[in-house]
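Coordinate inspection notes
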Amino acid sequence: MFDAADDLESAQLHKLDYHIEAARAAGTARVLDIGCGWGALLLRLVEHAGVKRAVGLTLSRSQAAWIRRVPHAGIEVREEDWRDHRPSRPYDAIISIGAFEHFVHPGLDEARKLQAYREFFAFCEHALVSRGWLSLQTIAWAAPREFIVGIDSKFISERIFRESDLPLISECIRAAEGKFELRLLRNDGDHYYRTLRLWERNLSARRDDAVALVGEDKVAEFRKYLREAAAGFKIGATCLLRLSFVKRT
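The model shown is predicted, which means the values in this text are computed figures rather than measured ones. (Residues numbered from 1 in each chain as written. Predicted model: local features only at pLDDT ≥ 70, side-chain atom pairs only at ≥ 80, totals over all residues. Heavy atoms only, no water.)

**Side note on the pattern of salt bridges**
- For the structure shown, the criterion picks out 19 salt bridges.
- With its nearest N and O atoms 3.0 Å apart, the salt bridge here joins Glu 76 to Arg 78.
- A salt bridge links Glu 221 to Arg 159; its shortest N-O distance comes to 2.8 Å. Highlighted residues: Glu 221 in helix α9 (residues 216-235) and Arg 159 in helix α5 (residues 153-160), separated in sequence by 62 residues. (Salt bridge = Lys/Arg side-chain N within 4 Å of Asp/Glu carboxyl O. Helix = DSSP H or I, 4+ residues; strand = E, 2+ residues; numbered from the N terminus.)

Below, the structure is given as structure tokens:
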């Protein structure tokens, strides 16, 4: 989330702080991070936002090991799907950044996609305290895929994210109906376009290191992914949604 003069690192911290504020998480006892990645939000919650206990869910053994390499009394990471998570008591806030894109598989019809998303919101409703807040970030299609032109979406779906599909903007909102009230929606696709360009610039600067690590073909494939993804945001085929919800009861 860029301000005018932000570099990538500052923009990352700005994004984390935005979600902490959007979820009303600062100073609370327990916060859940669904899809916690490498732990940046967990650290930000306990070290800068005064959260007593931050619980992160990931399906990646590598990510969990990375977070655990420096034990922190206020952080718990679990290699667990949110569908299997059974908290001992409700959380004060939930934040999920970049996980929603992976909740459905390609080829599902609209009804099955919507049902999968409704299951996520039902879990969040159950896991939150009364009138608790959820801050959600996801990439989404700006229009049904059959109307998307100008990018090689087949390459991304078949070579990069083989088991994932993006929601439509409307699906994110419809799936929460009856359980959450949408309080704020931002579309920051231009921020993600800038991010992807910076990622490609950084990769290009260390291309020789990357080739030595994974080989020429993988580096070329990843650069193509970064360019195609950036093009999607540039032309408005994809968007970056940041949604703030409050539990209805």
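**Overview of the environment of Lys 52**
- For Lys 52, the location among the structural elements is in the loop between α2 (40-48) and β2 (53-58).
- Between the alpha carbons of Lys 52 and Trp 66 there is a distance of 21 Å; along the sequence they are 14 residues apart.
- Leaving out residues up to four positions away in the same chain, Lys 52 has contacts with Thr 28, Ala 29 and Gly 74. (Contact = heavy atoms within 4.5 Å.)

**Some words on the environment of Trp 82**
- Examined against the element boundaries, Trp 82 turns out to sit in the loop between β3 (75-79) and β4 (91-97).
- Expressed as a C-alpha distance, the spacing of Trp 82 and Cys 124, which sit 42 residues apart in the sequence, is 9.1 Å.
- Not counting residues within four places of it along the chain, the set of residues in contact with Trp 82 comprises Ile 34, Leu 57, Phe 103, Glu 119, Phe 120 and Phe 123.

**Let's talk about α9**
- Given a rise of 1.5 Å per residue, 20 residues ought to cover 28 Å, and the 29 Å separating the end C-alpha atoms of α9 matches this to within 8%.
- Within α9 the residues assigned to the buried category are Val 219, Glu 221, Arg 223, Tyr 225, Leu 226, Glu 228, Ala 229, Ala 230, Gly 232 and Phe 233.
- If you follow the buried residues of α9, they end up packed against β5 (128-141), α5, α7 (189-205), α8 (207-214) and β7 (238-247).
- One or two steps after α9, the chain reaches Gly 236, where phi turns positive at roughly 85 degrees. (Expected span 1.5 Å × (residues − 1). Buried < 20%, exposed > 50% of the residue type's maximum accessible area, 1.4 Å probe, protein only.)

**Focus: α7**
- Across its 17 residues, α7 extends 25 Å between first and last C-alpha, which sits within 8% of the 24 Å expected from 1.5 Å per residue.
- Inspection of α7 places Gly 189, His 191, Tyr 192, Thr 195, Leu 196, Leu 198, Glu 200 and Leu 203 among the buried residues, and these make up the whole buried set.
- Residues of α7 that are buried make contact with α1 (8-22), β5, β6 (180-187), α8, α9 and β7.

**Here's the deal with the pairing of β5**
- Burial runs high along β5: 11 of the 14 residues are buried.
- With 6 bridges joining them, β4 and β5 adopt parallel strand pairing. Counterpart to Ala 93 in the pairing with β5 is Trp 133.
- Between β4 and its parallel partner β5, the chain crosses via helix α4 (residues 110-127), and the hand of that crossover is right-handed. (Pairing = 2+ DSSP bridges. Right-handed = clockwise from strand over helix to strand, strands pointing away.)

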